[in-house]
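Chain and residue survey
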Amino acid sequence: MCGIFGISSTKPISNQLIKGLSKLEYRGYDSAGISGHGINSKLITIKATGPIKNLKNKLSKLKGITTAVSHTRWATHGQPTLKNTHPHLSEYIGIVHNGIIENYIDLRSYLKRKGYVFKSDTDSEVICHLMNYYFNKTADMQSSIVSTANSLEGSYAIAAINTHTPHTLYTSCKGSPIILGKGLDANYISSDITPIIDHTKHFISMDDGEFAEINSASIKIFNKNKKVIKKPTKVSKIDKNQASLMGHRHFMHKEIYEQKTIIKDMTSRYVGTNKILPNIFGHNTDKLLENIEHIHFVGCGTSYHASLVAKDWIEQFSKITCTAEVASEYKYKKINVLPKTLFVSISQSGETADTISSLKKALKLRYTNTLAICNVAESTLTRLSSMNFLMNAGPEISVASTKAFTSQLFTLLLLTVILSRKYGKTEKKMVQDIRQIDKKIDELYKMEDEIKKISSKFKNKEHTLFLGKGTSYPIALEAALKLKEISYIHASAYHSGELKHGPLALVDKKMPVVCFLPDNHLARLVLSNLAEVEARQGQTFIFTNKKIARNKKQVEVIKMPDCPDLIVPILYIIPAQLLSYHVALKKNTDVDKPRNLAKSVTVE
Ligand code: F1P
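The subject of this paragraph is the overall build of the protein chain. The number of helices and strands found in the protein chain is 18 helices and 25 strands. A compact globule built from 604 residues would reach a C-alpha radius of gyration of about 25 Å, and the protein chain, at 26 Å, matches this within 12%. Dimensions of the protein chain along its principal axes, counting C-alpha atoms only, are 80 × 55 × 45 Å. When each of the 604 residues of the protein chain is scored for burial, the buried share is 61%. Long-range pairs, those at least 24 residues apart, make up 72% of the contacts in the protein chain between residues at least 6 apart in sequence. In the structure as shown, the protein chain presents an accessible area of about 24,200 Å², 51% of it carried by carbon and sulfur atoms. Here the protein chain contributes 83 positive and 54 negative side-chain charges, whose respective centroids are spaced 2 Å apart.

Right, let's talk about helix α1 (residues 14-24) for a bit. Of all the residues in α1, the buried ones are S14, L17, I18, G20, L21, K23 and L24. Tucked inside the fold, the buried residues of α1 contact β1 (3-9), β2 (31-37), α2 (52-56), β4 (67-73) and β10 (186-190).

Right, let's talk about helix α3 (residues 104-113) for a bit. Those residues of α3 that fall on the buried side of the exposure criterion are Y104, L107, R108 and L111. The buried side chains of α3 occupy one side of the element, clustering within an arc of 105° when seen end-on. Residues of α3 that are exposed and angled more than 90 degrees away from the buried face: I105, D106 and R113. Considering only its buried residues, α3 is in contact with β6 (93-101), α4 (125-138) and α5 (141-151).

S303, S347, Q348, S349 and T352 are the nearest of the 14 residues found near the ligand. Interatomic distance of 2.6 Å between a side-chain N/O atom of S349 and an oxygen atom of the ligand. Counting atoms within 2 Å of the grid points, the majority share of the ligand lands in the second largest pocket. Per-element tally for the shell around the ligand: the top contributor is helix α8 (residues 301-317), with three residues. Each of domain 2 (242-435) and domain 3 (445-604) contributes no fewer than three residues to the shell around the ligand.

The sheet built from seven strands is open, its strands ordered β5-β6-β7-β8-β12-β13-β14 with antiparallel pairing. Here the strands that pair on one side only, and so sit at the sheet edges, are β5 (88-89) and β14 (228-229). Across nine bridges, the pairing between β6 and strand β7 (residues 154-162) is antiparallel. Across the sheet, I101 pairs through a bridge with G154, a residue of β7. The sheet strands contacting α4 are β5, β6 and β7, and the helix crosses β6 at an angle near 130°.

Attention shifts here to the pairing of strand β24 (residues 539-544). For a regular strand, the rule is simple: side chains alternate between the two faces of the sheet. Summarising burial for β24: five of the six residues are buried, a large majority. Pairing of strand β23 (residues 512-517) with β24 involves six bridges; the strand directions are parallel. By the bridge assignment, P512 is partnered in β24 with Q539. In this fold, β23 hands off to helix α17 (residues 523-535), which returns the chain to β24; that crossover is right-handed. Examined bridge by bridge, β24 and strand β25 (residues 555-559) share five bridges and lie parallel to one another.

Before going further, it helps to examine the domain arrangement of the protein chain. Domain parsing of the protein chain yields domain 1 (3-236), domain 2 (242-435) and domain 3 (445-604). Each of domain 1 and domain 3 has a C-alpha centre, and these two points are 44 Å apart. Listed by partner, the interface residues are eight residues for domain 1 and eight residues for domain 3. For the domain 1 and domain 3 pair, buried surface summed over both sides reaches about 740 Å², with 63% attributable to carbon and sulfur atoms. Broken down residue by residue, the surface that domain 1 buries against domain 3 is led by Y26, R27 and W74, which jointly contribute 58%. There are zero salt bridges connecting domain 1 and domain 3. Run the count over domain 1 and domain 3 and you get zero residue pairs in polar contact (both at pLDDT 80 or more).

To continue, consider the pattern of salt bridges. Within this structure, the stated rule accounts for 25 salt bridges. A salt bridge links K599 to E396; the nearest nitrogen and oxygen atoms lie 2.7 Å apart. Note that K599 is positioned in the segment after α18 (568-587) and E396 in the loop between β20 (387-390) and α12 (403-420), a separation of 203 residues in sequence. For the pair K599 and E396, one class covers both residues: buried. What you see here is one network of salt bridges that share partners, running through D207, E210, K231 and R383.

Turning to the sheet that holds strand β3 (residues 43-49), a few remarks are in order. Strand order in the open sheet formed by eight strands is β3-β2-β4-β1-β10-β9-β11-β15, with antiparallel pairing between adjacent strands. On the outer flanks of this sheet lie β3 and β15 (234-235), each paired with one strand and no other. Pairing of β2 with β4 involves six bridges; the strand directions are antiparallel. When the sheet's bridge partners are listed, A32 is paired in β4 with T72. Against the sheet, α1 touches β1, β2, β4 and β10, its axis set at about 155° to β1.

A separate point is the environment of V399. Assignment of secondary structure puts V399 in the loop between β20 and α12. As for V399 and K482, which are separated by 83 residues in sequence, their C-alpha atoms are 10 Å apart. Beyond its immediate sequence surroundings of up to four residues, V399 is in contact with Y26, E485, D592, K593, P594, L597, A598 and K599.

Moving on, we get to the layout of surface pockets. Estimates place the volume of the largest pocket at around 700 Å³. Taken together, 32 residues line the largest pocket, and the ones lying closest to its centre are I193, I238, N375, V376 and A377. Residues that form the lining of the largest pocket fall into these classes: twelve nonpolar, twelve polar and eight charged. Its volume calculated, the second largest pocket comes out at about 500 Å³. In terms of lining, the second largest pocket is formed by 23 residues, of which the most central are C300, G301, A598, K599 and V601. Take the lining of the second largest pocket: its biggest share by element is three residues, from α8. Counted by class, the lining of the second largest pocket contains nine nonpolar, ten polar and four charged residues. Composition of the lining of the second largest pocket by domain shows at least three residues from each of domain 2 (242-435) and domain 3 (445-604).

Relative to the helices and strands, N375 resides in the loop between β19 (369-374) and α11 (380-384). In this view, N375 contacts S347, Q348, L390, M391, N392, A393, G394 and E396; residues no more than four positions away in its chain are not counted. Among the polar contacts listed, one links the side chain of N375 to the backbone nitrogen of A393, at a separation of 2.8 Å.

Reading the values: the criteria
Residues numbered from 1 in each chain as written. Predicted model: local features only at pLDDT ≥ 70, side-chain atom pairs only at ≥ 80, totals over all residues. Heavy atoms only, no water. Helix = DSSP H or I, 4+ residues; strand = E, 2+ residues; numbered from the N terminus. Rg over C-alpha atoms; globule rule 2.2 N^0.38 Å. Buried < 20%, exposed > 50% of the residue type's maximum accessible area, 1.4 Å probe, protein only. Contact = heavy atoms within 4.5 Å. Areas by Shrake-Rupley, 256 points an atom, 1.4 Å probe, with all protein chains shown as cover. Lys, Arg positive; Asp, Glu negative; His and termini not counted. Charge placed at Lys NZ, Arg CZ, Asp CG, Glu CD. Arc of directions from axis to C-beta. Near = heavy atom within 4 Å. Polar contact = N/O pair within 3.5 Å; in protein donor to acceptor, adjacent residues only side chain to side chain. 1 Å grid on protein atoms, 1.4 Å probe; cavity = no way out; pocket = protein on both sides within 12 Å on 5 of 7 lines; lining within 4 Å. Sits in = over half its atoms within 2 Å of the grid points. Domains from an automatic or database assignment. Pairing = 2+ DSSP bridges. Axes fitted to C-alpha atoms, helices over the stretch in contact; angles between N-to-C directions. Right-handed = clockwise from strand over helix to strand, strands pointing away. Buried area = accessible area lost by both parts, 1.4 Å probe. Salt bridge = Lys/Arg side-chain N within 4 Å of Asp/Glu carboxyl O. Points joined across faces, edges and corners; volume = space filled by probe spheres on them. Nonpolar A, V, L, I, M, F, W, Y, C, P; charged D, E, K, R; others polar.

Rendered as structure tokens:
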């Protein structure tokens, strides 16, 4: 969703701003803009709807500027038009904003009564007028920021620029992240680390209620009482090459192909010869996990699908009972927390608003502990949760999640093994199975040509069905989500046994039905469900390691490698990721940035 990037430098920065905005593109956006100090510190502002290249065409206006704020907007309040594009301007002030101002209607009426004229439909515009209003009263930008923050309800990350304080930027946040980058002759403000790592690895995370003043030489951070506070500078471990395509046509393809290495690294980091290494979830956590009797999982989208697999795994191998909820529902439900219950939030970004507010709710309930499984260090989720597991899968740029999903599953598999220990399951056998995953992934990559061919059979379809049973059901959900997200083909996922309770009515000659059929104790049942489809001449695409006769025209068998049942979900999703990728290529969609979607869903 929206992204913020600001620079105060000793040198001209217009190209750096464009490069930074491009780095934020992965979050999803529909317009972008920049506001910088020009001659006599007057603000020069450029805006464009559509891709960043449209903004680049206007860049000559910013020639020579050294201090500016910039923004990518993902429309929430008001259409993606020029008037709604950030920065928003008041008399002396320009601002960019991420988040949602919940009391903007009241503030708008108040400011209108004070004579302010609104040019946009956004909630964000109240911020610049409020800042200007308070600045006019005190002639002090710091006081203006504090008073503005006190008036705003909702979540925000703001970067501001003022014609009265040349070469200086301001930023404040609450419930939406801001990171400050410390360079040599420049300092940076950003909503995430990706645009900053091109310039520096040294960064400071802002906390709720703080604000900062930056110029090219210094970063000063204040609490809400305007007292200077000292905060640690951290060093990012992200390698800037991780955020480039490295020869792949799309980030999604690159990320699908990174899965083997990530799993291999995670295996060497956490898995011993016969045992999971001690306390991988943090100091003394093995002991803590030993006493857990219930788990509540919460996540959104792909992360929620990972939690469904975990629920199945854990309940299969232990006596622990689990619930898995989408975060947007958990937040509004009455939750009964029994003693010895662990709350587990799962999120690639750690910035998903619904997941964060679920964790905030959980922290007020009587959970034994909270664990966050996340891919982004220093994200809001990891800062709030008491136990954290960082997947270290590297930045995931493609909006459709791939490597984060398999890393989440791998982490949850490790959790399953630890939780199953006291129920007498053989850790040794489970570990042996886990140690096979990365090698098996190599076999899956060899299937890409076959999958490419199959993808042409989906290209002109409008509807598809995905089926699975047991741990393959969440894989069907995730595979359907991938196809929807990037190829815009409608895809529904069902437990295979549910087919005859409704969806079978949809099946005819034209309907592709994709099924995940590992050769296990459930296979016989799934096969009879598939027979119901074939009897109605539905076209089936069966991912399986079971021997199935290939004699029917409408049955396509995609041979999967043999593997232990435990690791099936991690392996079976990979060809499904490749399938949706190739269907999307054939449909010529914007694979990495599908329409209407955002990578970091920072609004509720
Ligand atoms: C959740 C999620 C992703 C999806 C897309 C939108 O994000 O639904 O699964 O791929 O990027 O957001 P997160 O909480 O896992 O970051």
